Amino acid sequence: MTSNTLIGGAVAADDLIEDLEPGAPVKRYWLVRLVSIVAVLAIWEVAGRQVNPLFMAYPSDIVHAAYRMIASGELLAAFLDSMKTLTLGFILACVAGVALGLLIGRYRYVDAATDWLVNALYATPLVAITPLVILWFGLGFPAKLFIVFILAVFPVLINTASGVRNVASQLIDVGTAFAATERQIFGKIILPAALPFMMTGIRLGIGRAIIGMVVAEFFTAINGLGALIIKYGNQFETAAMFVPILCLMLMGVVYTTIALRFEHWVAPWRFTDDE
Amino acid sequence: MNQIVLKEDVMNANPAQKVKLAVSGICKTFRIRNANGQQSSFLPVLRDVGFDVYENEVVSLIGESGCGKTTLLRTIQGLIRHDSGTIKVDGQEVKSAGRDRGFVFQQPSLLPWRTARENVEFGLELQGMAAGERAERARKLLALVGLGHAAEQFPHQLSGGMQQRIGLARALAIDPTILLMDEPFSALDAQTREVLQKELLRIQAQTRKTILFVTHDLDEAIYLSHRIIVLAAKPGRVKEVITLPFAGERPELPVMRGDPEFQAIRAHIWDLIRSAPANS
């Protein structure tokens, strides 16, 4: 797992704590991982060639299709289109989720007023409200933005709120004992203490934001990577269809890794004593 | 409140002694809600507690567990509101937390995202002191508690004893009139505890701070204090105030334990705590 290597890295930078996992085994894990990747690709390549190309593509074919789509500029245009929806929707979800989460976590009345709604909406498969979203916002960009937002906001909000609720009462006591104002307690104790939880929420939100993006591209105005999937699916060009799918996968992995690294960076103390 | 003087005391011989902390008539009752949330019962924790702490004095509050000693200390700090009675620091009545009282917690309670130095700066930062000035002050205090080398370390990189030293430096940083310490060494191992007890005496001698110290450890109380306030439990009230004869230069705790006078005082306090009625 990537988290293992991250922990290894964090520990190595810190001279007071003994390195529990010396360099050699970490390298060995990477080697095993590499072998596994090569093996899977090789099997896929060999097996994929035996199957009707209508149903399955194989890696070299996909690379070929990707090259063609990159050269024509089609992939980049679709990618940027998708990124626009995803990035803006996700940033809005983070801002709103963190702000609401802080209020809900800190103030019991806000919590009581909203928890039923938050729980109900979080439990609803929000993809189901897509037709309603189209009625409200039409088929354009705002509808896509809303779908990404509504899917990504709840993990951020719920994790932020639970982060605020989980701030150790001893730390709040420190603020009170040193005569901190409510604002100082919020800014200097609650916010930094809840930050790791927020980052976890943000990381979980990324996956849902990408789902929202693809759903929006399928069911509202068709564009972006989702549009490419539909287009090449309809044309039975399976190899070309795999290209945007792999792009989505790559986006998810890259974003999640960045968020995970960021989590370690903002709260190194959380990751020192776990296994 | 009856006061026995076991030996002529150097501290109290001075008539010009200033009262730093005056506690009088403190009462506190907790309401305990039952599981069903309907009925509730009342638990009196403190009843008419009163005592004075003089300038440069170290006073320990001791008593069996549940006697309200920690509640009393937290009340003085303003972390808990009392039902009646007054708390005066330097003659001024106080009702909430303030810069005149520094608090050292039982758990170090450091902010994990701050370095040792930034933790010590915490109180100063709240007061709006300029960054350069407070960093300099924090470094001096870290040096005072013997952690000058660890200023830029994070709490999770430091041992429990070191963390508690930072907690002490943080409380001293705001230059309080009186230092309130809530069983600060109880979570540490025996060796570290003895080292820190000695350190506290050195720091107290250097800074001339007035200290009110809560502990359940008899040896610690006798070793550190000029006076010991023994609390009776249920509800907590002052049972006896004992003035100790060991003011001034003290031998190390293991040596002191062999002193017959030390043993006599220890036995006396032990009797006081044990004879407390263990009813209700």
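Everything below is about the structure shown above.
Conventions adopted
- Residues numbered from 1 in each chain as written.
- Chains lettered and ligands numbered in written order.
- Predicted model: local features only at pLDDT ≥ 70, side-chain atom pairs only at ≥ 80, totals over all residues.
- Helix = DSSP H or I, 4+ residues; strand = E, 2+ residues; numbered from the N terminus.
- Buried ≥ 20, exposed ≤ 12 C-beta atoms within 10 Å, placed from the backbone.
- Contact = placed C-beta atoms within 7 Å.
- Nonpolar A, V, L, I, M, F, W, Y, C, P; charged D, E, K, R; others polar.
- Core = buried A, V, L, I, M, F, W, Y, C linked by C-beta atoms within 7 Å.
- Axes fitted to C-alpha atoms, helices over the stretch in contact; angles between N-to-C directions.
- Left-handed = near helix turned anticlockwise from the far one by under 90°.
- Pairing = 2+ DSSP bridges.

A. Broad picture of the overall build of chain A. Within chain A one finds 11 helices and 0 strands. The secondary structure elements of chain A, listed N-terminal to C-terminal, are α-α-α-α-α-α-α-α-α-α-α. The buried share of chain A, reckoned over its 275 residues, is 35%. Within chain A, contacts between residues at least 6 apart in sequence are counted, and of these 76% link residues at least 24 apart.

B. Quick peek at the interface of chain A and chain B. Taken residue by residue, the interface counts 18 residues in chain A and 19 residues in chain B. Secondary structure elements with two or more residues in the side of chain A that touches chain B: helix H8 (169-177) and helix H9 (182-219) of chain A. Top contributing element to the side of chain A that touches chain B by residue count: H8 of chain A, with 6 residues. Looking at the side of chain A that touches chain B, its residues break down into 12 nonpolar, 4 polar and 2 charged.

C. Structural context of the environment of isoleucine 203 of chain B. For isoleucine 203 of chain B, the position within the fold is in helix H6 (residues 190-207). The spatial distance from the C-alpha of isoleucine 203 of chain B to the C-alpha of leucine 168 of chain B is 9.9 Å, given a sequence separation of 35 residues.

D. Quick look at unusual backbone geometry. Its identity as a non-glycine residue notwithstanding, alanine 179 of chain A has a phi of 60°, on the positive side. A positive phi angle is found at glutamate 183 of chain B, which is not glycine, with a value near 40°. Inspection of the secondary structure assignment puts glutamate 183 of chain B in the loop between strand S8 (178-182) and H6.

E. Region of the structure containing the nonpolar core. Core analysis: the biggest nonpolar cluster contains 118 residues, and Val148, Ala152 and Ala209 of chain A together with Ala169, Leu212, Ile228 and Leu231 of chain B have the highest contact counts within it. Discounting chain neighbours no more than four positions away, the residues touching alanine 209 of chain A are Leu86, Gly89, Phe90, Ala93, Val148, Leu151 and Ala152 of chain A. Among the nonpolar cores identified, the runner-up in size contains 16 residues, and Ala57, Met69, Leu75 and Met241 of chain A belong to it.

F. Structural context of the packing of helix H4 (residues 74-106) of chain A against H9 of chain A. Residues and elements named next belong to chain A. Contact geometry of H4 with H9 gives a least axis separation of 8 Å together with a crossing angle of 140°. Handedness of the crossing formed by H4 with H9: right-handed. Along its contact with H4, which presents Ser82, Thr85, Leu86, Gly89, Phe90, Ala93, Cys94, Gly97, Val98 and Arg106, the element H9 presents Ile190, Met198, Gly201, Ile202, Gly205, Ile206, Ala209, Ile210, Gly212, Met213, Ala216 and Glu217. A class-by-class count of the residues in the contact of H4 with H9 yields 13 nonpolar, 7 polar and 2 charged.

G. Region of interest: the pairing of strand S4 (residues 58-62) of chain B. All names here are of chain B. Judged by how many residues are buried, S4 sits mostly within the fold: 5 of 5 residues are covered. The side-chain alternation of S4 yields two buried faces, one formed by Val58, Ser60 and Ile62 and the other by Val59 and Leu61. With 4 bridges connecting them, S4 and strand S9 (residues 210-214) associate as parallel partners. Looking across to S9, one finds that valine 58 is bridged to isoleucine 211. Here S4 pairs with strand S10 (residues 227-232) via 4 bridges, running parallel. Within the sheet, the bridge partner assigned to valine 59 lies in S10 and is arginine 227.

H. Here's a closer look at the sheet that holds strand S2 (residues 19-33) of chain B. Residue and element names in this part refer to chain B. Ordered by their spatial adjacency, 4 strands build an open sheet running S3-S2-S5-S6, and the pairing between neighbours is antiparallel. Edge positions in the open sheet fall to strand S3 (40-54) and strand S6 (92-93), since each of these has one partner strand only. Across 11 bridges, the pairing between S2 and S3 is antiparallel. Along S3, the bridge assignment pairs valine 19 with tyrosine 54.

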